[in-house]
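# Survey of secondary and tertiary structure
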Amino acid sequence: MPWLPRLAVVVVGLIAANTPPVSAETVDSLYQSQTIVTGQGEVNREIGFKTCLDAVLVRVSGDQRLAKKT
């Protein structure tokens, strides 16, 4: 049974070779968000700010319910 450890190494190597590389997000991208607003007035800026803040809070905390709160 000396071939069993070698087989295990080959199987693990094949599995590792077929998995795609994982890339984590940078910390800066967690705290940034962009949205498109339809004007430059205060009302439009408030809507855009709320949208971006909701997105950042959900990303940082991981709590999906935060975006649904008003």
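Going by the structure above, here's the rest.
Residue positions are given per chain, counted from 1 along the sequence in the order it is written. A pLDDT threshold of at least 70 governs which residues receive local features in this predicted model, and a stricter bar of 80 or more applies before side-chain atom pairs are shown or counted, although totals over entire chains, interfaces and linings include all residues. Side-chain measures were taken over the full set of non-hydrogen atoms in the model, leaving aside hydrogen atoms and water.

## Side note on the pattern of salt bridges
Here a salt bridge means any side-chain nitrogen of Lys or Arg lying within 4 Å of a carboxyl oxygen belonging to Asp or Glu. Going through the model one piece at a time under the given rule, you end up with 2 salt bridges. Measuring nitrogen to oxygen at the nearest pair gives 2.8 Å for the salt bridge that ties Lys50 to Asp54. Separated by 4 residues within a single helix, Lys50 and Asp54 lie in helix 3 (residues 42-61), roughly one turn from each other. When accessible area is computed with a 1.4 Å probe and restricted to protein chains, residues below 20% of their type maximum are described as buried, those above 50% as exposed, and intermediate ones as partly exposed. Judged by relative accessible area, Asp54 falls into the buried class, the value being 16%. Residue Arg65 pairs with Asp63 through a salt bridge whose shortest N-O separation is 3.0 Å. The class of Arg65 is exposed, set by a relative accessible area of 58%. Elements are defined by DSSP. Helices are runs of H or I of four residues or more, strands are runs of E of two residues or more, and each kind is numbered from the N terminus.

By themselves, these observations are geometric and do not establish any function.
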